[in-house]
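# Remarks on the overall topology
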Amino acid sequence: MENKKCVSPKKDNFFLRALKLEGVQSVLASIVCIIIGLLIGYIVLLCINPGGAWDGIMTIIKNFMGFTKTSLRLKYLGQTLANTAPLIMTGLSILFAYKAGLFNIGAAGQYTVGACACLYAGMVWNLPWYLCMICAIIAGGIWGALVGFFKAYLNVNEVISAIMLNWIGLYLTNIIITGSSAWDTTKHETFPLSNYANALLPNLGLDNVFGGSKYVTIAIFIAILFAVIIMLVLNLTTFGYELKATGFNKNAAKYCGMKEKRNIILTMFISGGLAGLGASLYYQTGIQPWYANSTVPAMGFTGISASFLGGLNPIGTIFSAYVITHINSAGAQLDTAYYSAQISDLISAIIIYLCAFVGFFKMYLVKILNKDNLQSKSFKRNKTPSDSSNQGGK
Amino acid sequence: MEDKYVIEMLHITKKFPGIVANEDISLQLKKGEIHALLGENGAGKSTLMSVLFGLYTPEEGIIKKDGKVVSIKNPNEATSLHIGMVHQHFKLVGVFSVLDNIILGAETTKYGYLDRNAARTRVKELSKRYGLFIDIEAKIEDITVGMQQRVEILKMLYRDNDILIFDEPTAVLTPQEIDELMQIMKNLAHEGKSILFITHKLDEIMAVADRCTILRKGRLVGVVNVKDTNKEELSKMMVGRKVQLVVQKDKCKTGDTLMKVDNLCMTDKIHHILSVNNVSFDIKRGEILCIAGIDGNGQTDLIYGITGIDKIKSGKVFLKGTDIANLQIRKRNLLGMSHIPEDRQKYGLILDYSLENNLIMESYFTPKFEKFGFLRKKNIRKYALKLIDEYDIRSGQGAITKVRSMSGGNQQKAIIARELDRNADLLVAVQPTRGLDVGAIEGIHKQLIKERDEGKAVLLVSLELDEVLSLSDRILVMHKGEIVGEFDPKKTTRQELGLYMAGAKRDYVKFPTREVNENGK
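Residues numbered from 1 in each chain as written. Chains lettered and ligands numbered in written order. Predicted model: local features only at pLDDT ≥ 70, side-chain atom pairs only at ≥ 80, totals over all residues.

## Some points on the overall build of chain B
- The number of helices and strands found in chain B is 18 helices and 24 strands.
- Relative to the 2.2 N^0.38 estimate, which gives 24 Å for 521 residues, the radius of gyration of chain B is 24 Å and therefore close to what a compact globule would have.
- For chain B, the C-alpha atoms occupy an extent of roughly 70 × 65 × 50 Å along the three principal directions.
- The buried share of chain B, taken over its 521 residues, is 48%.
- Within chain B, contacts between residues at least 6 apart in sequence are counted, and of these 68% link residues at least 24 apart. (Helix = DSSP H or I, 4+ residues; strand = E, 2+ residues; numbered from the N terminus. Rg over C-alpha atoms; globule rule 2.2 N^0.38 Å. Buried ≥ 20, exposed ≤ 12 C-beta atoms within 10 Å, placed from the backbone. Contact = placed C-beta atoms within 7 Å.)

Listed below in structure tokens is the structure:
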């Protein structure tokens, strides 16, 4: 009884009460992360050229919002959204596996084979866009499930097998695509997808809304829809319950009879499928052809940052993916007389680096807030000297 | 005994979010006394000792050493004030020798090199002086738990500590080892060391302690001279009501055989030897069968084999006539097995899940809690509140409390609530009362007997001989992976069981093994 009295919230104002919510703390931690990233970026700009630093950092923050013409602003917003959608998906891919205690660094490889599948399906088989999408999901899923299979049955560390599968996936994709009828041997890239209108994602007239941006499609809505679905799956379903249980404590999951091997493979299939879908949402807008890359596309790795910056929350991932894309794409707007366009890559790299500290910031925040809480309580107690020493007896 | 206090903790208050762990507690330790600290689970004993050892900083209150106010911010400062602690789980390096473990962190060096000779001489001298005989060149992993505890004590002595804190030191020891420890503690006190002894075993307090401080729910209940009190009074002060110290039960009425274990063998994962060697027994409805033995004699592996956590090497296990030896865990559970695991944090609970999610761990897939693949949160909450109420599980925020933040005793209660409520025919309970106070133990014992009286079978594994003797209807003693004797609790004694547990005696009971036959010829 006495305990309860001490714990009951004293009259905090709204602000203080909000600060104690876990969600608010997560968001705060992410924002602190972004602000520190920008600050360090600003310092770097100052070092290179003190005169233009303020303008430079503001250009990066504003990006297309700095344009005077509304239609131009909308166009670049559309462009950014088109780039955000695949990043949301790879972020979700990482997050989903992470909740089950698996670190899916293979999202990049699953994304690659997803790209291969949807391009091949669209350009060689001439399938409609939704079937291409399903091909991408299945291909990515199988690539992920392979990692899960090795983990479950042979106890191979998922990070190692996934990294190797990334490269296998990349070269396999290069072999399949360059050998197919989709390959333009003169340009050394695939033919533009606009030649295969069937395979393009529908834009439902969004290009008119976004100032004639060709690449804005339903992709961003699909990505948001999947973020919501993932959140529901994790929080409301039996499968999500099992998955998180396995992630928190593998032994306890085994003890209560969950099929841990099946769950590992299924989780990795879904995680890989999400990454594959990400590739579909990117390449099926026609924004970029497939070049015979010698490195795995960065989208899968940036997904790690997106999920962590988003506080490992599906909805948070939507916003963090946007922020990362926004800053990344701002480099083009920088004054090249003073700075190279790579400076925005540097800043986003710093933010991404700081993503690893989101958890740390959050821990620190919680500590400060709780400490504050306790101090005010003990202060209150000091004013009315306690008398409890004799009450405890029989 | 001098009446000067070496340690005084005055008006200590320590709060955690949602709970006041210590509220205005004072504790005074005299020089050369053995002072027991008694309290229920979650009464704040460990918190108070952590404050003294510098692991927590209290919000209010002061600590005095030899009359001077000191501030202890971390364990290093505690050590420099000559305060030492033997933790419940030993902090030793298994592959190091006894000597190396003792000097670890306080090494004597000569030109930057370890000077083992000087250390060896000192350790030998200490062990002679306090009667702590031990082979100081042996590796930790090769010596018994009792010996390991001596190493921990020597570690404190080596650092010239004169305030020694023992955190539930007897939990892992055999009766003989406990007697020896009690003697050692007396010797230490006689040599002028002051001892703080955390426990909830009343016998031990009566045997060695001079005074006893009793805590309840974070508050000080009182300080008593042990020679002026008795067990009943102590337990009443600790729990706040009168406690039945002796288990009341009727004679068991056994029914048909529920489970039969037939020549079960299990392999030790680390040493690749048979950790369970041709074990056979059966258990009938309406009885509590207890497997007694010193920790590490194959009981754990035997239970892992029966419950399906580890694969068995050979043999059969029949539950209600079905061979379950290679069945999935879920199927065993549904067939009628429920399991209170030995390691509650490793197997029994998902610490980062809420209490309600932990309570449905083995039933979340039943129609009651699942519909079309979705969890039925309302039903789950209702069920959790019912169990919390029925089994008196205390926590900061009720059903949504993260289990990690609950006290060990209440974590255990959560497991017991979940397992008993499943209403399975066979209950496998491994040390169900470990780390619990007499009040909670009383409750659990009553529940186990109720299960038995309802015609279910209880397979109990316990290291506590008192529990074994008072609760069971039949006792099997395990030694080095084999069953070495079967006893009727009414016709045996602690001493007899102790001899069998230590391997000094064995019967050729009805389960002869190859090794026994060879020895017998």
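This is not the end of the story, as more comes after the structure.
## Some details on the confidence of the model for chain B
All names here are of chain B.
- Looking at chain B, the pLDDT average stands at 85 and 94% of residues meet or exceed 70.
- Confidence drops under a pLDDT of 50 for residues 510-521, and excluding neighbours within four residues, the segment shows eight contacts in the predicted structure.
- Interface confidence for the predicted complex, expressed as ipTM, amounts to 0.76; the pTM equals 0.75. (pLDDT = per-residue confidence, 0-100.)

## Section: the domain arrangement of chain B
Residue and element names in this part refer to chain B.
- Domain parsing of chain B yields domain 1 (5-239) and domain 2 (257-356 + 402-520).
- One C-alpha centre belongs to domain 1, the other to domain 2; they are set 31 Å apart.
- Across the contact, 13 residues belong to domain 1 and 18 residues belong to domain 2.
- Listed by contribution, the elements that provide at least two residues to the side of domain 1 that touches domain 2 are helix 6 (175-190) and helix 8 (231-239).
- The element that contributes the greatest number of residues to the side of domain 1 that touches domain 2 is helix 8, accounting for three residues.
- Along the lines of polarity and charge, the residues of the side of domain 1 that touches domain 2 split into six nonpolar, six polar and one charged. (Domains from an automatic or database assignment. Nonpolar A, V, L, I, M, F, W, Y, C, P; charged D, E, K, R; others polar.)

## Observations regarding the sheet that holds strand 2 (residues 19-30) of chain B
All names here are of chain B.
- In spatial order, the strands read 2-1-4-5; together these four strands make up an open sheet with antiparallel pairing. Lying at the two open borders of the sheet, with one neighbouring strand each, are strand 2 and strand 5 (68-70). When the angles between neighbouring strand axes are averaged without regard to direction, this sheet yields 25 degrees.
- The pairing of strand 4 (residues 60-65) with strand 5 spans three bridges and is antiparallel. (Pairing = 2+ DSSP bridges. Axes fitted to C-alpha atoms, helices over the stretch in contact; angles between N-to-C directions.)

## Topic: the nonpolar core
- Ranked by size, the top nonpolar core spans 150 residues in total, and within it L52, L426 and V428 of chain B carry the most contacts.
- Looking at which element gives the most residues to this core, the answer is helix 5 (residues 145-158) of chain B, with six residues.
- Those residues in contact with L426 of chain B that lie beyond four places of it in its chain are L258, M259, L319, G336, M337, K456, A457 and L459 of chain B.
- Listed in part, the 105 residues of the second largest apolar core include L87, L92, Y111 and I347 of chain A. (Core = buried A, V, L, I, M, F, W, Y, C linked by C-beta atoms within 7 Å.)

## Things to note about the sheet that holds strand 17 (residues 322-323) of chain B
All names here are of chain B.
- Here four strands make up an open sheet; going across it, the order is 14-13-16-17 and the pairing antiparallel. Across the chains shown, the open sheet's two edge strands, defined by having one partner strand only, are strand 14 (274-284) and strand 17.
- Bridge count for strand 13 (residues 257-267) against strand 14 is seven bridges, and the pairing is antiparallel. Residue pairing for strand 14: K260 is matched across the bridge by D282.

## Things to note about unusual backbone geometry
All names here are of chain B.
- For E168, which is not glycine, the phi torsion reads 40 degrees and is therefore positive.
- Note on placement: E168 falls in the loop between strand 9 (163-167) and helix 6.
- Assessed through the 20 C-beta atoms surrounding it within 10 Å, E168 is described here as buried.
- The backbone phi angle of N263 is positive, close to 45 degrees, even though this residue is not glycine.
- With respect to the element layout, N263 can be found in strand 13.

## A closer look at the packing of helix 6 (residues 107-123) of chain A against helix 14 (residues 299-309) of chain A
Residues and elements named next belong to chain A.
- In the contact formed by helix 6 and helix 14, the axes pass within 7 Å of each other and the chain directions differ by 135 degrees. Relative to helix 14, the element helix 6 lies oblique. In this structure, the crossing between helix 6 and helix 14 has a hand that is right-handed. Note on element contacts: helix 14 touches helix 6 through M299, G300, F301 and G303, opposite A107, A108, G109 and Y111.
- Tallied by class, the residues present in the contact of helix 6 with helix 14 amount to five nonpolar, three polar and no charged. (Parallel < 35°, antiparallel > 145°, perpendicular 65-115°, else oblique. Left-handed = near helix turned anticlockwise from the far one by under 90°.)

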